[in-house]
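# Working through the structure, step by step
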Amino acid sequence: MRILVIIGTRPEAIKLSPVIHRLNDRSEINTCICLTGQHRELLVQGLADFHITPHHNLDVMHDRQSLNSISSRILADLPRILDLERPDWILVQGDTTSAMAAAVTGFQHGIKVAHVEAGLRTGDPEQPWPEEMNRRIIGQVANLHFAPSQTARDNLLREGIPAANIVVSGNTVIDALLLARSMEHSQALANLPPRSCQQPLIVCTLHRRENLTRSRLLQVEQALVALAERGNQIVFPVHPNPALTATIRRLQNSHPHLHILRPLSYVPFIQLLAQATLVLTDSGGIQEEAAFLGKPLLVMRRCTERPEVLNEGAMLVGTDSHAILKAAQTILDTPDRFGRPAGAFTDLGAGQASHKIAEYLLSHQAAAA
Ligand SMILES: CC(=O)N[C@@H]1[C@@H](OP(=O)(O)OP(=O)(O)OC[C@H]2O[C@@H](n3ccc(=O)[nH]c3=O)[C@H](O)[C@@H]2O)O[C@H](CO)[C@@H](O)[C@@H]1O
């Protein structure tokens, strides 16, 4: 069986690396990896963390490129790889424009599409934008849907996807996180700011397109400075989106407790997260990772496609500085009320998702033969 795995961005590299390792374990499967290049440095970093070597790179990204041009270049260039590799399956993950364009290309070429992390929905096409619509489009063209949770499965059933085509696998991010923790001894780790044990550590990330307006960034900046002034150490690895870096750079020397960093490799980032007192993010993957690590979590969005993390005590705070400060202070005053033991949250699986995905693809192929 030939499987073509498509990877466009850092989170896809992280979430698909454990799947690629499980596929490579099986001699019956020939796995080929094609990068779209939607991210450049972040993607290279993400793959290197897991020792994955790609076979093809469409290299679609140019400075200030639009989503339309990313999509059109993938639609135009991926067929060349399909002709070369002749895969039985195209495997895509999540909700990026790369995954959407690759899934549509597979559909148009009559190649079966398997979707990892299928069925996440906020119900609002604008939030997150364009990811909610990307995942809905992939859901319509995919033949097999690996849902990370029961809730995601229910979303797909509501949209008319046949139950027989949905497998609840868990989320492969948990597999990646556990792998990263097991690799800590062999890697250079996060350079954490020196702090006394009384000083809380807040890990912050922000990059959703809808949050990159001047007014929202200003609100988040105000909240971060106020939290630093209250004696918290804040570590903020900044996503290299130019719309973000241009603004956040001015925070660089604004307070000695505010540490603005370049993106970290995955293993040090997970180590940092594991030491956090509080996580403040609009990232999808970090919501999942923080919940698994039992960390108090504030989500800088108005809705989430991950209701499971809200059940775990995470809160939606948007980007209003007062709302962030109020919620953060409540948690920092009584962190023990909000934290959980690491690994207690199992709604997204406990590290077996990649194995289940590889085994299911094999058994599906055997049944079809
Ligand atoms: C709308 C939405 O929620 N969509 C998500 C979106 O991804 P995201 O929001 O999760 O994206 P990011 O925040 O960029 O990446 C996060 C990963 O990066 C690691 N990290 C972070 C900082 C750092 O310095 N070093 C690192 O290693 C971190 O631990 C984590 O694993 O697309 C994915 C792909 O399709 C989807 O799965 C997913 O639904």
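The shown structure was predicted, so the numbers you read here are calculated from the model rather than taken from an experiment. (Residues numbered from 1 in each chain as written. Predicted model: local features only at pLDDT ≥ 70, side-chain atom pairs only at ≥ 80, totals over all residues. Heavy atoms only, no water.)

## Remarks on the overall build of the chain
Within the chain, the secondary structure is distributed over 15 helices and 13 strands. Taking 21 Å as the expected radius of gyration for a compact globule of 369 residues, we find that the chain reaches 20 Å, a close match to that expectation. When its C-alpha atoms are laid out on the principal axes, the chain stretches across 65 × 40 × 40 Å. Taken across its 369 residues, the chain has 57% of its residues classed as buried. (Helix = DSSP H or I, 4+ residues; strand = E, 2+ residues; numbered from the N terminus. Rg over C-alpha atoms; globule rule 2.2 N^0.38 Å. Buried < 20%, exposed > 50% of the residue type's maximum accessible area, 1.4 Å probe, protein only.)

## Digging into the domain arrangement of the chain
As assigned here, the chain comprises domain 1 (2-171 + 349-367) and domain 2 (187-337). A straight line from the C-alpha centre of domain 1 to that of domain 2 covers 28 Å. Contacts between the two partners involve 26 residues from domain 1, matched on the other side by 23 residues from domain 2. Of the roughly 1,900 Å² buried between domain 1 and domain 2, counting both surfaces, carbon and sulfur atoms make up 51%. (Domains from an automatic or database assignment. Contact = heavy atoms within 4.5 Å. Buried area = accessible area lost by both parts, 1.4 Å probe.)

## Describing helix H1 (residues 10-25)
An α-helical turn contains 3.6 residues, so a residue and the one three or four places further along point in the same direction. If you check H1, its first and last C-alpha atoms are 23 Å apart, about what 16 residues at 1.5 Å a residue would give, namely 22 Å. In H1, a bend of some 40° at Leu-16 exceeds every other bend along the element, and Pro-18, a proline, comes one to four places later. Taken as a whole, H1 has its buried residues at Glu-12, Ala-13, Ile-14, Lys-15, Leu-16, Ser-17, Pro-18, Val-19, Ile-20 and Leu-23. (Expected span 1.5 Å × (residues − 1). Bend = angle between axes of the 7 residues up to and from the residue.)

## Observations regarding the site of the ligand
Close contacts around the ligand come from 29 residues, with Glu-117, Leu-264, Gly-285, Glu-289 and Arg-306 the closest. A distance of 2.7 Å is found between a nitrogen atom of the ligand and a backbone nitrogen or oxygen belonging to Leu-264. One nitrogen or oxygen atom from the main chain of Gly-284 is found 2.8 Å from an oxygen atom belonging to the ligand. For the ligand, the protein covers 98% of the area, taking 790 Å² as the surface of the free molecule. At five residues, H1 tops the list of elements feeding residues into the shell around the ligand. (Near = heavy atom within 4 Å. Polar contact = N/O pair within 3.5 Å; in protein donor to acceptor, adjacent residues only side chain to side chain. Areas by Shrake-Rupley, 256 points an atom, 1.4 Å probe, with all protein chains shown as cover.)

## Re the sheet that holds strand E3 (residues 56-57)
Two modes of strand pairing occur in sheets, parallel and antiparallel, and in both the strands are linked by backbone hydrogen bonds. Strand order across the open sheet formed by seven strands is E3-E2-E1-E4-E5-E6-E7, with parallel pairing between neighbours. Edge strands, defined here as strands with exactly one partner in the open sheet, are E3 and strand E7 (166-168). Note that strand E5 (residues 112-116) and strand E6 (residues 144-147) share three bridges and pair parallel. Paired with Val-116 across the bridge in E6 is Phe-146. (Pairing = 2+ DSSP bridges.)

## Some points on the confidence of the model for the chain
For the chain, per-residue confidence averages 93 on the pLDDT scale, and 98% of positions sit at 70 or higher. We note a pTM of 0.96 for the whole complex and an ipTM of 0.98 for its interfaces. (pLDDT = per-residue confidence, 0-100.)

## As for the packing of helix H7 (residues 172-182) against helix H10 (residues 266-275)
How two helices sit against one another is set out by the angle between their axes and by the gap between those axes. Running from amino to carboxyl end, H7 crosses H10 at an angle of 90°, the nearest separation of the two axes being 9 Å. Here H10 runs roughly perpendicular to H7, going by the angle between their axes. Together, Val-173, Ala-176, Leu-177, Ala-180 and Arg-181 of H7 and Tyr-266, Val-267, Ile-270 and Ala-274 of H10 make up the contact between the two elements. Classifying every residue of the contact of H7 with H10 gives eight nonpolar, no polar and one charged. (Axes fitted to C-alpha atoms, helices over the stretch in contact; angles between N-to-C directions. Parallel < 35°, antiparallel > 145°, perpendicular 65-115°, else oblique. Nonpolar A, V, L, I, M, F, W, Y, C, P; charged D, E, K, R; others polar.)

## Quick look at the environment of Met-300
When you line up the elements, Met-300 lands in the loop between strand E12 (297-299) and helix H12 (307-311). Between the C-alpha atom of Met-300 and that of Ile-202, which follows or precedes it by 98 residues, the distance is 14 Å. With sequence-adjacent residues up to four places away left out, Met-300 is seen in contact with Cys-204, Thr-205, Leu-206, Asn-211, Val-220, Leu-280, Thr-281, Asp-282, Val-317, Gly-318, Thr-319 and Ile-324.

## Observations regarding the packing of aromatic side chains
The tally for this structure, following the rule as stated, stands at two aromatic pairs. Here the aromatic rings of Phe-50 and Tyr-266 are separated by 5.6 Å at their centres, their planes lie at 40°, and the arrangement is tilted. Of this pair, Phe-50 sits in the loop between helix H2 (41-49) and E3 while Tyr-266 sits in helix H10, placing them 216 residues apart in sequence. Residue Phe-50 is classed as buried on the basis of its relative accessible area of 2%. According to the relative accessible area criterion, Tyr-266 is buried, its value standing at 4%. A ring pair is formed by Phe-146 and Tyr-360, whose centres lie 6.1 Å apart and whose planes are at 85°; its orientation type is edge-to-face. Of the two residues, Phe-146 is situated in strand E6 and Tyr-360 in helix H15 (residues 353-368); the sequence distance between them amounts to 214 residues. By relative accessible area, which is 0% here, Phe-146 ends up buried. (Phe/Tyr/Trp six-rings, centres within 6.5 Å; stacked < 30°, edge-to-face > 60°.)

## Here we look at the nonpolar core
When a protein is soluble and globular, its nonpolar side chains tend to lie buried together. The biggest cluster of nonpolar side chains holds 58 residues, and the ones touching the most others in it are Ile-3, Ile-7, Leu-23, Leu-91, Tyr-266 and Leu-361. The element that contributes the greatest number of residues to this core is H10, accounting for seven residues. Discounting residues that sit within four places of it in the chain, Tyr-266 has contacts with Ile-14, Asp-49, Phe-50, Val-173, Ala-176, Leu-177, Ala-180 and Glu-289. The next biggest cluster of nonpolar side chains, apart from the first, holds 31 residues, and it includes Leu-206, Ala-226, Ile-248 and Ile-331. (Core = buried A, V, L, I, M, F, W, Y, C linked by side-chain atoms within 4.5 Å.)

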